[in-house]
2 protein chains.
Amino acid sequence: MKPYLLVIEDEEALATLLDYNLDKEGFRVDRAGDGEEGLLKIEEETPDLVLLDWMLPKVSGVEVCRQLRARPETRRTPILMLTARGEESDKVRGLDTGADDYVVKPFAMSELTARIRALLRRTRPELVDERLEYGDIVLDRASRRVMRSGRNVHLGPTEFRLLDFLMQRPGRVFSRERLMDAVWGPNTYVELRTVDVHVGRLRKALREGGAADPIRTVRSAGYSLDHQA
Amino acid sequence: MKPYLLVIEDEEALATLLDYNLDKEGFRVDRAGDGEEGLLKIEEETPDLVLLDWMLPKVSGVEVCRQLRARPETRRTPILMLTARGEESDKVRGLDTGADDYVVKPFAMSELTARIRALLRRTRPELVDERLEYGDIVLDRASRRVMRSGRNVHLGPTEFRLLDFLMQRPGRVFSRERLMDAVWGPNTYVELRTVDVHVGRLRKALREGGAADPIRTVRSAGYSLDHQA
DNA sequence: TCCCGAGTGTCACAAAAGTGTCATGGGGCG
DNA sequence: CGCCCCATGACACTTTTGTGACACTCGGGA
């Protein structure tokens, strides 16, 4: 749901600051203290964007860049470099290292988030955009509205979050546990079958007016937003 | 189907935590309280990866490492060491004990799973990859879909797991016992012939639309996913 | 304060989908 | 030519999912 950023930065103070501010801006943030750790975390879960310090212990920023560009899963992952003033700046400016953008320390947090959003919009618009679309379904976050083929669909808050989540990765199957975590929050104690009920309600609302059911049930696995069949 | 991890750790609290979290991450986990028990369990069933505490009663972590490296079945089994801060760290860091990686306690669960996945990807990519292909058959774990020559193939949960398993080692022949273990789980009491029935159902589903039977029956031995002779 | 309506979480029961066994009939292989 | 060994349809049984009903909570308004 939230964009997932990985901050690879060895300077503890800066990392904490970034962590705090980016979290406040609505990003999910994880942190790595050096290039090696960063690469590992990336392997676990591909971030939506990487904030990368230029100078790093163990594996340098340039090297991390190179490796990310070499892997198919991360070839298109945006990389934003953090550089100190004067630090190899010519090379960085050209961005021929594979990074997509850079900021020079010290920088204003607002400038950073602006650049982050710009990069994200380019690669994964569904993460920052106010509106998600799938087939004839449109979900508008700003106005909290859902339309299907132009017709307004009324959803309760839970159904709205559920659809929002499903629309971020259409086709992918999510277990009830996963949906519970994503939609209800990770520390909620609710009957798992409650997910079924809400999926049912969402389905009913989306089918209003005779449209096809856009949710696929995968027996013994979960649900996905998907073309049937 | 699920990667099988063995946790060798004497600290009850940590072991339970690991058990719980790794299970949630989709691994099958077994636990041993000391090195001796660990070696026994490994002999019973070779794990896909071993999580090994450095300090252990009876047989130490280092010794377990050594013994695993000495046996052909486990020579290539990845070992991830768990060490307390400062504990023999130089020696561990060099990984000259035979371990493939290590984490220092206390550690974030996300870091641990990242490293586990990284190691598994290195040795057994088919265990963690999202998509398997063989000939014109594509199995996508994320969307839980199987396609043959672009046509969607509907499979029940058991047939899906069965195909998943067969696709991990195409061409190789598996006995009914082996398939039973892998697909039904090691503690299931079901008639062996049931495998035949499910193979039959899988075949039927895959032949849908006139395609050739991709499963080879090896008389008095088992089945394999294979081009027919 | 009290009432009301939208939203939620549970349950129970029905329906759908998937499973395990068995019996029967072929077929391959010595 | 016989044996095994396998393929397969039938079927009773389980498991999993869909859904309507219902009781509760929580903010507004009146």
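Residues numbered from 1 in each chain as written. Chains lettered and ligands numbered in written order. Predicted model: local features only at pLDDT ≥ 70, side-chain atom pairs only at ≥ 80, totals over all residues. Heavy atoms only, no water.

With that settled, the discussion passes to the sheet that holds strand β8 (residues 145–148) of chain B. Residues and elements named next belong to chain B. Reading across from one edge, β6-β7-β8-β9 is the order of the four strands in this open sheet, with antiparallel pairing throughout. The open sheet has two free edges, formed respectively by β6 (131–134) and β9 (151–153), since each of these has just one partner strand. When the angles between neighbouring strand axes are averaged without regard to direction, this sheet yields 25 degrees. (Pairing = 2+ DSSP bridges. Helix = DSSP H or I, 4+ residues; strand = E, 2+ residues; numbered from the N terminus. Axes fitted to C-alpha atoms, helices over the stretch in contact; angles between N-to-C directions.)

This brings us to the packing of helix α7 (residues 157–168) of chain A against helix α9 (residues 193–207) of chain A. Residue and element names in this part refer to chain A. One can describe the packing of α7 onto α9 by two numbers: an axis separation of 10 Å at closest approach and a directional angle of 85 degrees. Here α7 is positioned roughly perpendicular relative to α9, judged by the angle of their axes. Together, Thr 158, Glu 159, Leu 162, Leu 163 and Leu 166 of α7 and His 198, Val 199, Arg 201, Leu 202 and Leu 206 of α9 make up the contact between the two elements. Class assignment of the residues belonging to the contact of α7 with α9 gives a composition of six nonpolar, two polar and two charged. (Parallel < 35°, antiparallel > 145°, perpendicular 65-115°, else oblique. Contact = heavy atoms within 4.5 Å. Nonpolar A, V, L, I, M, F, W, Y, C, P; charged D, E, K, R; others polar.)

Turning to the domain arrangement of chain A, a few remarks are in order. Entries for chain A in the domain assignment read domain 1 (4–128) and domain 2 (131–225). A separation of 32 Å is found between the C-alpha centroids of domain 1 of chain A and domain 2 of chain A. (Domains from an automatic or database assignment.)

With that out of the way, let us pick up the interface of chain B and chain A. The interface is formed by 15 residues belonging to chain B together with 17 residues belonging to chain A. Together, the buried faces of chain B and chain A total about 1400 Å²; carbon and sulfur atoms form 46% of this surface. Applying the counting criterion to the chain B and chain A interface returns three salt bridges. Close ionic contact of Glu 130 of chain B with Arg 172 of chain A constitutes a salt bridge, the shortest N to O distance being 2.7 Å. Looking at the side of chain B that touches chain A element by element, the count peaks at seven residues for helix α5 (residues 109–123) of chain B. Residues that form the side of chain B that touches chain A fall into these classes: four nonpolar, four polar and seven charged. (Buried area = accessible area lost by both parts, 1.4 Å probe. Salt bridge = Lys/Arg side-chain N within 4 Å of Asp/Glu carboxyl O.)

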